[in-house]
Amino acid sequence: AENPCCSMPCQNTGVCMREGDGYSCDCTRTGYYGQNCDIPEFWTSIKVALKPSKKTTHHLLTNYKWLWNIVNRIPFLSNFIMRAVYKIRSATVDSPPVYHTGHDYTSWDTYADRSYYTRALPPVPPGCPTPMGTAGRKELPSPEYIAETFLARRRFIPDRRRTNVLFNFMAQHFTHQFFKTDFKKGAGRTWGDHGVDLSHIYGETVERQHQLRAFTDGKLKFQRVGGEVYPPSLADAPVHMIYPPYVPAEKRFAIGHEFFGLLPGLFVYSTVWLREHNRVCDVMKELHPDWDDERLFQTARLILTGETINIIINEYVQHLSGYNFDLFWDPELLFKDQFQYQNRIFVEFNHLYHWHPLMPDQFHVNGTTYGMKDYLFNSDLVFRHGFGATVDAMSRQIAGQIGPKNIGPVNLKVAVETIKHERNLRMQGLNQYRKRFGIPPYKTFLELTGGDAEMAAQLEEAYGDVDAVELYVGLMLEQPAPGSVTSETIIELGGPFSVKGLLSNPLCSPQWWRPSTFGGEAGFRLVKTATLRDLFCRNMDGPCGLVTFAVPE
Ligand code: MNH
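Predicted model only: the values in this text are computed from it and were never measured.

Looking at where His385 falls in the secondary structure, it is placed in helix H14 (residues 380-385). Owing to a relative accessible area of 16%, His385 belongs among the buried residues under this scheme. Within the structure, the side chain of His385 is placed 2.6 Å from the side chain of Tyr370, a separation counted as a polar contact. Not counting residues within four places of it along the chain, the set of residues in contact with His385 comprises Val365, Asn366, Thr368, Tyr370 and Thr390.

In structure tokens:
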């Protein structure tokens, strides 16, 4: 007989278990009861009635600028709201983790085996009538067909919020420190360490870190090109890097992350963080002449970790969200609460961050246009134009809109692979994830596509039932939410993972969040006042051009 759990009968995060020919739902602490955890307890019904919908909250935050201009200036109010954002977003994420890919149910390995990504929803049970449980057709359309039909770029669609290439590469650079799928072991496995640890700068292993370090004054190895500081050559710091055979030895660089020779944009970020590390070491050595190399290195790393989190919240997430409320980072807002300072990376977070539509097909630097072929693996471009000019150019070029039909030719294969991985992992569909994260499931294909009737019809043909639309595919087909860079589902799934990941960093714990962790008040101040502009302008020879995450109007 068919497994009754295939139809996903348990609502509100209740857990389905097969019992003989039937099933049971474990509704413990869901706030609901009944066979399917669908009847609200008294207090739940009150809360549900009073709670504004996610759409309403998003509308409030992205409009009424006059109101937010006042709120932003009143610490009592802005602290209240910021704390609510931290708490509500983090509470949506299971901590400790509840599901992973090794089992369909909670197991000891879910907790103990950190080589797995965790996941927010368990897989579709095996042996169900359809790949998505009971919804949709017996067979899913081929990943190639889906990618060609719905994801492939016809003409470049620029982002409406004028998100630029400097943002695009920040996204890729920052997230690859914790999205590190170990494809040899499987799509649900990771070789990363589940958080903001700056392993993309310092290397995942101590061996790699040691290769990258100069072992004097805490500094990282570097080389000078045209008088400017850049990552060392691979010959000088022999770590594993991925370069195609045609790249000559003198154009190979040693960087924390083995993929970061791939794109000049990633090379720019690797360079600026390397310069910042060595600059912070100078500041610390001046203050602590007695410190050895090791302590200078370790303290600089913590300072850079703090700077990263600050820039990510204040500027990166701020731009992404489109909120008129000014986001900020203040770990103390959580000190009166119970809070789990531990984090895991979710495979769903990884998939929703496949923002390949951001990537343009050409790059404009100082009057020269580079096609993708001339851009890939060509860090030389940065030397040719100079570091400052390259950063300025990245700030002035609009990136692609994250949405349908906007993935360029080099990345279409990645989309195909992602769909295959999701099927391999038996991931539940977009609508199940919408429910899990507190947003109503789509009722029609037309609603999903934001009114695009042609695409809705093609989607219906492909999937049969809107409940059968896969997570990644659905995420890429939605239109951006009003005022934002990404769609509603990306915001409502990504927000919790992102806030939890940033605020559960050990730096944010009451025991760590104090000056001595960062070498004293000066280091603490660097952490709390870091900006994207300072990061670049303090580490650049000559005049500093435009450094922003959006192209000015
Ligand atoms: Mn990208 C994974 C190529 C830009 C986010 N990316 C991959 C993979 C390839 C790849 C190849 C592995 C695919 C697989 O087997 O599943 N990515 C590129 C190229 C460009 C690129 C060639 C630019 C050109 N990628 C970007 C950008 C982002 C991004 C921009 C924005 C955040 N990519 C990801 C994420 C993954 C990924 C996230 C998953 C990484 C992992 O799990 O290890």
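Within the protein, just one atom coordinates the manganese atom of the ligand: His356 (NE2), at a distance of 2.3 Å. Relative to the helices and strands, His356 resides in the loop between helix H12 (347-352) and strand E9 (362-365).

A few words on the site of the ligand. In the vicinity of the ligand lie 21 residues, with Thr181, Asn350, His356, Asn411 and His421 positioned nearest. Taking Asn350, its side chain carries an N or O atom lying 2.7 Å from an oxygen atom of the ligand. Within the side chain of His421, a nitrogen or oxygen atom sits 3.0 Å from an oxygen atom of the ligand. In the shell around the ligand, the residues fall into 10 nonpolar, nine polar and two charged.

Before going further, it helps to examine the side chain of Thr163. By the secondary structure assignment, Thr163 is in the loop between helix H6 (143-151) and helix H7 (165-175). Relative accessible area serves as the criterion here: at 0%, Thr163 is assigned to the buried category. Separated by 2.8 Å, the side chains of Thr163 and His319 make a polar contact. Setting aside residues no more than four positions away along its own chain, Thr163 makes contact with His319, Leu358, Gln397, Ile398, Ala399, Val485, Phe549 and Ala550.

Okay, the state of the cysteines next. One way to say it: the disulfide is the covalent bond shared by the sulfur atoms of two cysteines. Taken as a whole and assessed by the stated rule, the structure comprises five disulfides. Here Cys5 pairs with Cys16 through a disulfide, and the sulfurs are 2.1 Å apart. Taking the torsion about the sulfur-sulfur bond, which here is approximately -85°, the covalent link between Cys5 and Cys16 counts as left-handed. Of the two residues, Cys5 sits in the segment before strand E1 (15-19) while Cys16 sits in strand E1, which places them 11 residues apart along the sequence. Residue classification places Cys5 among the buried residues on the basis of a relative accessible area of 8%. The disulfide pattern of the chain is 1-4, 2-8, 3-5, 6-7, 9-10 when the bonded cysteines are numbered in sequence order.

Our focus in this paragraph is the packing of helix H11 (residues 293-321) against helix H22 (residues 521-529). Between H11 and H22, the shortest axis-to-axis distance is 7 Å and the interhelical angle comes to 25°. One element, H11, and the other, H22, form an angle in the roughly parallel class. Contact residues: H11 offers Ile303, Gly306, Glu307 and Asn310, while H22 offers Gly523, Leu526, Val527, Lys528 and Thr529. Looking at the contact of H11 with H22 residue by residue, the class counts come to three nonpolar, four polar and two charged.

Its place among the elements puts Leu532 in helix H23 (residues 532-537). The spatial distance from the C-alpha of Leu532 to the C-alpha of Leu459 is 41 Å, given a sequence separation of 73 residues.

The subject of this paragraph is the pairing of E1. A regular strand places its side chains so that they alternate between the two faces of the sheet. In the sheet, E1 pairs with strand E2 (residues 22-26) via five bridges, with the strands oriented antiparallel. Residue pairing across strands places Val15 opposite Asp26, the latter belonging to E2. Between E1 and E2, which pair antiparallel in sequence order, lie two residues; one of them, Gly20, sits at a positive phi of approximately 60°.

If you trace the backbone, Leu304 turns up in helix H11. Assessed through its relative accessible area of 0%, Leu304 is described here as buried. In this structure the C-alpha to C-alpha distance between Leu304 and Ile201, which are 103 residues apart in sequence, comes to 9.9 Å. Look past the residues within four positions of Leu304 in its chain and what remains in contact with it is Leu198, Tyr202, Trp273, Glu276, His277 and Val280.

Parameters at a glance
Residues numbered from 1 in each chain as written. Predicted model: local features only at pLDDT ≥ 70, side-chain atom pairs only at ≥ 80, totals over all residues. Heavy atoms only, no water. Helix = DSSP H or I, 4+ residues; strand = E, 2+ residues; numbered from the N terminus. Buried < 20%, exposed > 50% of the residue type's maximum accessible area, 1.4 Å probe, protein only. Polar contact = N/O pair within 3.5 Å; in protein donor to acceptor, adjacent residues only side chain to side chain. Contact = heavy atoms within 4.5 Å. Donors = N, O, S within 2.8 Å, 3.2 Å for Na, K, Ca; no water. Near = heavy atom within 4 Å. Nonpolar A, V, L, I, M, F, W, Y, C, P; charged D, E, K, R; others polar. Disulfide = S-S within 2.5 Å. Axes fitted to C-alpha atoms, helices over the stretch in contact; angles between N-to-C directions. Parallel < 35°, antiparallel > 145°, perpendicular 65-115°, else oblique. Pairing = 2+ DSSP bridges.

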